[in-house]
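# Overview (structure and organization)
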Amino acid sequence: MRMDWRAILAAGAAVVCAAAGRPGSTQGTSPLAKLDTDIQALAKLPGEPSVLLSAGVSTKNLPLRSLESREAPESTKRRLVIIGGLDGDDRGVEAALGALRWFKTQAPAALRQAWSVTAIPCGNPEGLRDLKPTNDTFGKPTVGYPPEDGYFNDRKNVEGRYLWRWLAFQAPDLVLIVNGGTRTTWRVPPAYASLGQSVKALPLVSPDTLAMALSRGTPSGLGTVPTLTVDARGTDGPKHLEALLDAAANLPRSPMRQAVLRRLSRTPAEIAALLAPKYPQKPSVLYIPAVTWSSQLRLARLTNNPQWNDRVREAVGVYLSGAKPALDGRPDVAKLAGHLIFADLAELDGNEAAKKLALEGAALYKPEKAGDPAQFGRYWTDDMFMTATLLGRAAKLSGDSSYLDLMARTLTLYAEKLQRPDGLFVHAPDAPHCWGRGNGFASLGLMEGLTYLPADHPQRTGILSSYRKQMAALKGQLTPEGTWRQVIDHPESYREVTATAMNLAAMARGVRLGWLDASYRPVVQKAWRGLLPRIAEDGSLIDVCSGTGAGPTVRHYHERPATFGLDDRGGAMCLLAAVEMLELK
């Protein structure tokens, strides 16, 4: 007979907890079930934090529940982040929950007016489930900071990577890490020793703890933030939080928060001027460089700066002259979509070589059988953008309405197959998950279709309906900070750059051209604010999902690597978003 060691471990832990009077096993309730119940109850209490989300997901699909505030980083309030349970100890989790409950119900009004609080009560749900310090892959979320890579596909310490990213973009002035213990012990990194004096904090010496890493360097490309840790019994949360807030009464804004605020203050024109010289890093006739070049042409028009036109002409001159083939190898949707830049150049200055290349590429999309969608598609949402963006331009350039009919038919067939009743798009028929960038491809494809289809086209009404259904669904899925996720409707997914930029761009154009009502304008502005902190001062980008094919499981999308650095795909989509925002303004 095989023995289930996890069940034995959990049962033994429950006996110990009950004997010690620890709350995690009260009346047979599992620690995770109790955690969910308690966080839901806290969210419903009046005041902030009030938004129940997740900061990430463990390798065993357990969410890192977060309770987040709707208060903006520009608020005069200082910002505190509480993280409990990294050690898997239910006492730290209970203390963190108790601190939140006290803050929302019993804290002096002056403290609630001075502080904004956000929390992850348990940063190690696999450890909490079994009351052990490690997760199920023997990683320790208490150490291993700063994580250098492996976002978000690290198989051992994924919790730390989620925490690192999530925490930075909460823009805290102060962080409290709550561990379980039998007596109170405060610790503070040497850089913030004076902050710990009133609570008699001991020096923190462990070099790779979260607290120590936050006190050094520039976490996630931002600044440092004062952090204290406390070992606590389950009932000690309120007094510890009160003691900390008293100690931090005169704490200024942290370098981390100041860095976020500086990024938030940038205008669409400033972001466009930052990104346009940086991208594309690897020029070619593919959809990614073409989106960048197309946005640069628009930027030249909007800013009356012809340097961007000259830059594009120089980049694609080898294709216009015939020195390099525009179509290298067998055609596919990514290569043909790259021909959109030739259509844009032909429209700009009547270049006949550009027009010829654009129409040659578009003609390849025509199917052999009447009534079929555009060729080379896989029934992935990616195809919606990559076909519509060239076909619409080809129709305008040539006056051939058959391109419009093919574009409309393709978008309609894809929407029928991939759009759910709630308005979101699954990635593919055999990948029934609402991938973030996949929804971006759908929204941009519908946007392109509506941009070029005349008002009297018989399929425009249906395409407009699909677009509006998707925008309404996206409107309800935006996080408090203004981002969309790697999997749109999974709150445990990471907050992803291209999903935010692409859906923002499609929504902004809808507001500008009257496809959407005025209620969407603040959603667009909020999404823009969500994007800004993830665009670094050197044009690098934080959390761009790598290239992704259709996958059968949601974990396939959760575990797609996320880039921090210069990235052509992310740069193209962020520049498109900046240009749409510039034109909207």
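First, a word on what this report is: a plain description of the structure on this page. (Residues numbered from 1 in each chain as written. Predicted model: local features only at pLDDT ≥ 70, side-chain atom pairs only at ≥ 80, totals over all residues. Heavy atoms only, no water.)

The helix and strand tally for the protein chain stands at 23 helices and 10 strands. Scaling as 2.2 N^0.38, a compact globule of 585 residues should have a C-alpha radius of gyration of about 25 Å, and the protein chain matches this with 26 Å. Judged by the C-alpha coordinates and their principal axes, the protein chain covers about 80 × 60 × 40 Å. For the protein chain, with 585 residues in total, the buried portion stands at 60%. By sequence separation, contacts in the protein chain at least 24 residues apart represent 72% of the contacts at least 6 residues apart. Once the 69 positive and 58 negative side-chain charges of the protein chain are each reduced to a mean point, those two points are 3 Å apart. (Helix = DSSP H or I, 4+ residues; strand = E, 2+ residues; numbered from the N terminus. Rg over C-alpha atoms; globule rule 2.2 N^0.38 Å. Buried < 20%, exposed > 50% of the residue type's maximum accessible area, 1.4 Å probe, protein only. Contact = heavy atoms within 4.5 Å. Lys, Arg positive; Asp, Glu negative; His and termini not counted. Charge placed at Lys NZ, Arg CZ, Asp CG, Glu CD.)

To continue, consider unusual backbone geometry. Note that the residue after Tyr145, namely Pro146, is joined by a cis bond; omega there is -5°. Even without being a glycine, Asn304 presents a positive backbone phi close to 55°. Mapping Asn304 onto the fold places it in the loop between helix H11 (287-303) and helix H12 (307-320). Relative accessible area serves as the criterion here: at 69%, Asn304 is assigned to the exposed category. Even without being glycine, Asp543 reaches a positive phi, approximately 75°. With respect to the helices, strands and loops of the structure, Asp543 is situated in strand S9 (residues 541-545).

Per the counting criterion, the structure on display carries 5 cavities of 30 Å³ or more. Each pocket or cavity is described by its volume, and for the largest cavity that value is around 80 Å³. Along the walls of the largest cavity sit Ala55, Phe152, Tyr162, Arg165, Trp166, Phe169, Tyr494, Arg495, Arg534 and Asp543, which together make up its complete lining. Per-element accounting of the lining of the largest cavity gives the leading share, 3 residues, to helix H6 (residues 158-168). In terms of residue class, the lining of the largest cavity is built from 6 nonpolar, no polar and 4 charged. (1 Å grid on protein atoms, 1.4 Å probe; cavity = no way out; pocket = protein on both sides within 12 Å on 5 of 7 lines; lining within 4 Å. Points joined across faces, edges and corners; volume = space filled by probe spheres on them. Nonpolar A, V, L, I, M, F, W, Y, C, P; charged D, E, K, R; others polar.)

A full pass over the atoms with the stated rule returns 0 disulfides. You can see Cys434 has no disulfide; the closest cysteine sulfur is in Cys545, sitting 15 Å from it. Take Cys545: it sits in no disulfide, and the sulfur closest to it among the cysteines is that of Cys574, at 13 Å. (Disulfide = S-S within 2.5 Å.)

Moving on, we come to the side chain of Arg495. By the secondary structure assignment, Arg495 is in the loop between helix H19 (460-475) and helix H20 (497-512). Looking at Arg495, its side chain comes within polar contact range of the side chain of Glu68, at 2.7 Å. Within the structure, Arg495 has its side chain in polar contact with the side chain of Glu481 (distance 2.4 Å). (Polar contact = N/O pair within 3.5 Å; in protein donor to acceptor, adjacent residues only side chain to side chain.)

Judged by nonpolar contacts, the single largest core of 153 residues is most densely connected at Phe342, Tyr365, Leu444, Trp484, Leu504, Met507 and Leu531. Per-element tally for this core: the top contributor is helix H23 (residues 568-584), with 11 residues. When near neighbours in sequence (up to four residues on either side) are disregarded, Leu531 contacts Gly482, Val497, Thr500, Ala501, Leu504, Cys574 and Ala577. Formed by 39 residues, the second largest nonpolar core is a distinct cluster that contains Ala43, Ala96, Val188 and Val230. (Core = buried A, V, L, I, M, F, W, Y, C linked by side-chain atoms within 4.5 Å.)

The next thing to look at is the layout of surface pockets. By volume, the largest pocket amounts to about 550 Å³. Considering the residues around the largest pocket, the lining is formed by 26 residues, among which Arg298, Arg301, Asp344, Arg393 and Tyr452 are closest to the centre. Of the residues belonging to the lining of the largest pocket, the class tally is 11 nonpolar, 5 polar and 10 charged. Lining of the second largest pocket is provided by 18 residues; of these, Glu71, Pro73, Pro480, Glu481 and Arg529 occupy positions nearest its centre. At the level of secondary structure, the elements contributing two or more residues to the lining of the second largest pocket comprise helix H9 (255-264) and helix H21 (521-531). Taken together, the residues that form the lining of the second largest pocket break down as 7 nonpolar, 3 polar and 8 charged.

So, about the pattern of salt bridges. A full pass over the atoms with the stated rule returns 39 salt bridges. In this structure, Glu94 and Lys34 form a salt bridge, with 3.2 Å as the shortest nitrogen-oxygen distance. Taken as a pair, Glu94 in helix H3 (residues 90-105) and Lys34 in helix H2 (residues 31-44) lie far apart in primary sequence, 60 residues in all. Lys34 shares its class with Glu94; the two are buried. A salt bridge links Glu559 to Arg155; the shortest N-O distance between them is 3.0 Å. One end of the pair, Glu559, is in the loop between helix H22 (554-558) and strand S10 (562-565); the other, Arg155, is in the loop between helix H5 (125-130) and H6, with 404 residues separating them in the sequence. (Salt bridge = Lys/Arg side-chain N within 4 Å of Asp/Glu carboxyl O.)

According to the stated counting rule, one finds 11 aromatic pairs in the structure shown. With a centroid separation of 4.6 Å and 15° between ring planes, the pair formed by Phe152 and Tyr162 is classed as stacked. Pair noted here: Phe152 is in the loop between H5 and H6 and Tyr162 is in helix H6, with a separation of 10 residues, a long-range link. The burial state of Phe152 is the same as that of Tyr162; both residues are buried. Considering the side-chain rings of Tyr319 and Phe342, the 6.4 Å spacing of their centres and the 65° angle between planes classify their relative orientation as edge-to-face. Residue Tyr319 is located in helix H12, and its partner Phe342 is located in helix H14 (residues 340-349); the two are separated by 23 residues in the primary sequence. Take Phe342: its relative accessible area is 0%, and that puts it in the buried class. Here the guanidinium or amino end of Lys366 rests over the ring plane of Tyr403, the centre of that ring lying 4.6 Å away. Sitting over the face of the ring of Phe169, Arg534 holds its NZ or CZ atom 4.1 Å from the ring centroid. (Phe/Tyr/Trp six-rings, centres within 6.5 Å; stacked < 30°, edge-to-face > 60°. Lys NZ or Arg CZ within 6 Å of the ring centre and 35° of its normal.)

Bringing the packing of helix H16 (residues 381-398) against helix H17 (residues 401-418) into the picture now. It is at 8 Å that the axes of H16 and H17 come closest, and there the two elements cross at 160°. As judged from the angle between their axes, H16 and H17 are roughly antiparallel. Where H16 crosses over H17, the two elements pack in a sense that is left-handed. Here H16 contributes Thr381, Asp383, Met384, Thr387, Ala388, Leu391, Gly392, Ala394, Ala395 and Ser398 to the contact with H17, which in turn contributes Tyr403, Leu404, Leu406, Met407, Thr410, Leu411, Tyr414 and Leu418. Residue classes in the contact of H16 with H17 are distributed as 12 nonpolar, 5 polar and 1 charged. (Axes fitted to C-alpha atoms, helices over the stretch in contact; angles between N-to-C directions. Parallel < 35°, antiparallel > 145°, perpendicular 65-115°, else oblique. Left-handed = near helix turned anticlockwise from the far one by under 90°.)

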